[in-house]
Amino acid sequence: MQLIDQLSDPQAKTYAKHCFEDKNAEELRAATNETPDPDVLSHWGLTEGQYSVAITTALAELES
């Protein structure tokens, strides 16, 4: 998880690790094109920006 470990934002890093472990590349690609679920943002304590960073970083990690 080299790319994820480089994230400095703790909330984004935690969610990125979750996504890397629990989602596949297809699910993450789809998530990059969708508006984040407000319940997910609330549950993980994320802003939309943090969510976006986490998703794109987890996807990059899966594809590297």
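Remember, predicted model here, so these are calculated numbers, not experimental data.

*Asks:* How should I be thinking about the side chain of Thr-57 in this particular structure?
*Replies:* For Thr-57, the location among the structural elements is in helix H5 (residues 48–63). The buried category is assigned to Thr-57, whose relative accessible area is 12%.

*Asks:* Explain the nonpolar core to me, please; I cannot follow it from the model alone.
*Replies:* Within soluble globular proteins, side chains that are nonpolar generally end up buried alongside one another. Counting residues in hydrophobic clusters, the biggest one holds 15 residues, and the most contacted among them are Tyr-15, Cys-19, Leu-28, Tyr-51 and Ile-55. When residues of this core are traced back to their parent elements, those giving at least two are helix H2 (10–22), helix H3 (25–32) and H5. Considering every element that reaches this core, the biggest residue donor is H5, with five residues. With near-sequence residues (within four places) excluded, Leu-28 lies in contact with Cys-19, Lys-23, Ile-55, Ala-58, Leu-59 and Leu-62.

The rules behind these values
- Residues numbered from 1 in each chain as written.
- Predicted model: local features only at pLDDT ≥ 70, side-chain atom pairs only at ≥ 80, totals over all residues.
- Heavy atoms only, no water.
- Helix = DSSP H or I, 4+ residues; strand = E, 2+ residues; numbered from the N terminus.
- Buried < 20%, exposed > 50% of the residue type's maximum accessible area, 1.4 Å probe, protein only.
- Core = buried A, V, L, I, M, F, W, Y, C linked by side-chain atoms within 4.5 Å.
- Contact = heavy atoms within 4.5 Å.

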